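Residue strings, one per chain:
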Amino acid sequence: MNWNYIEKLEQIEEVKEKSFHKLQLIFKHSTRCIISKMALKNFENDFMLDGVVDAYFLDLIEYREISNKIADEFGITHQSPQILLIKDGKVIYNESHEGIDATVLKEFL
């Protein structure tokens, strides 16, 4: 999977801007959580939208401040793990924990 890694606060604004031209996805991952590791593995195995969706990965343990900014910016309660699908500067779909399913994203194309 071709992840773009989020490591700076400024990238959140870039994701929002890009979402007006192409769907943007953020996967918030906890490196300390087995559920997050399983969700990530399953998501990567099922993800078939390279080129259609820009996929961003956030290590929320290392970059908790960015995770908090994402929650504030998009008005979404923080979860871990969590995916956010962004279009036109707004979250159009979000899911967490065992509910994360890459195949559901096809419905938003």
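Relevant structure appears above.
Residues numbered from 1 in each chain as written. Predicted model: local features only at pLDDT ≥ 70, side-chain atom pairs only at ≥ 80, totals over all residues. Heavy atoms only, no water.

**Quick word on the environment of lysine 37**
Consideration 1: Along the polypeptide, lysine 37 turns up in helix α2 (residues 34-46).
Consideration 2: Every residue in contact with lysine 37, bar those within four places of it in the chain, is listed here: His29 and Thr31. (Helix = DSSP H or I, 4+ residues; strand = E, 2+ residues; numbered from the N terminus. Contact = heavy atoms within 4.5 Å.)

**Describing the sheet that holds strand β2 (residues 23-29)**
Backbone-to-backbone hydrogen bonds pair the strands of a sheet. The strands run either parallel or antiparallel.
Consideration 1: Reading across from one edge, β1-β3-β2-β4-β5 is the order of the 5 strands in this open sheet, with mixed pairing throughout. Sheet topology places β1 (4-5) and β5 (90-96) at the edges, where each strand pairs with a single neighbour.
Consideration 2: Judged from the 5 bridges that link them, β2 and strand β4 (residues 82-87) form a sheet pairing that is antiparallel. Its bridge partner lying in β4, isoleucine 26 is registered against leucine 84. (Pairing = 2+ DSSP bridges.)

**Details of the environment of asparagine 68**
Consideration 1: Mapped onto the fold, asparagine 68 is located in helix α3 (residues 64-74).
Consideration 2: Taking the relative accessible area as the measure of exposure, asparagine 68 reaches 33% and is therefore partly exposed.
Consideration 3: For the pair asparagine 68 and valine 52, spaced 16 residues apart in sequence, the C-alpha separation works out to 27 Å. (Buried < 20%, exposed > 50% of the residue type's maximum accessible area, 1.4 Å probe, protein only.)

**Regarding the packing of aromatic side chains**
Consideration 1: Taken as a whole and assessed by the stated rule, the structure comprises 8 aromatic pairs.
Consideration 2: With a centroid separation of 5.5 Å and an interplanar angle of 35°, the aromatic rings of phenylalanine 43 and phenylalanine 47 are classed as tilted.
Consideration 3: Judged by its relative accessible area of 8%, phenylalanine 47 is buried.
Consideration 4: Clustering of aromatic rings is evident, with ring pairs tying together Trp3, Tyr5, Phe27, Phe43, Phe47 and Phe57. (Phe/Tyr/Trp six-rings, centres within 6.5 Å; stacked < 30°, edge-to-face > 60°.)

**Comments concerning the pairing of strand β3 (residues 53-59)**
Consideration 1: Judged by how many residues are buried, β3 sits mostly within the fold: 7 of 7 residues are covered.
Consideration 2: Residues Val53, Ala55, Phe57 and Asp59 point to one face of β3 and Asp54, Tyr56 and Leu58 to the other, with burial holding for every one of them.
Consideration 3: Here β2 runs beside β3; their pairing, made up of 7 bridges, is parallel. When the bridges of β3 are listed, leucine 25 appears paired with alanine 55.

**Brief notes about α2**
Consideration 1: The terminal C-alpha atoms of α2 lie 18 Å apart, and with 13 residues this matches the ideal 18 Å at 1.5 Å per residue to within 8%.
Consideration 2: Taken together, the buried positions of α2 are occupied by Ser36, Ala39, Leu40 and Phe43. For α2, the angular spread of the buried residues around the axis is 100°, confining them to a single face. The outward face of α2, more than 90 degrees from its buried face, is lined by the exposed residues Ile34, Lys41 and Asn45.
Consideration 3: Those residues of α2 that are buried lie in contact with β2, β3 and β4. (Expected span 1.5 Å × (residues − 1). Arc of directions from axis to C-beta.)

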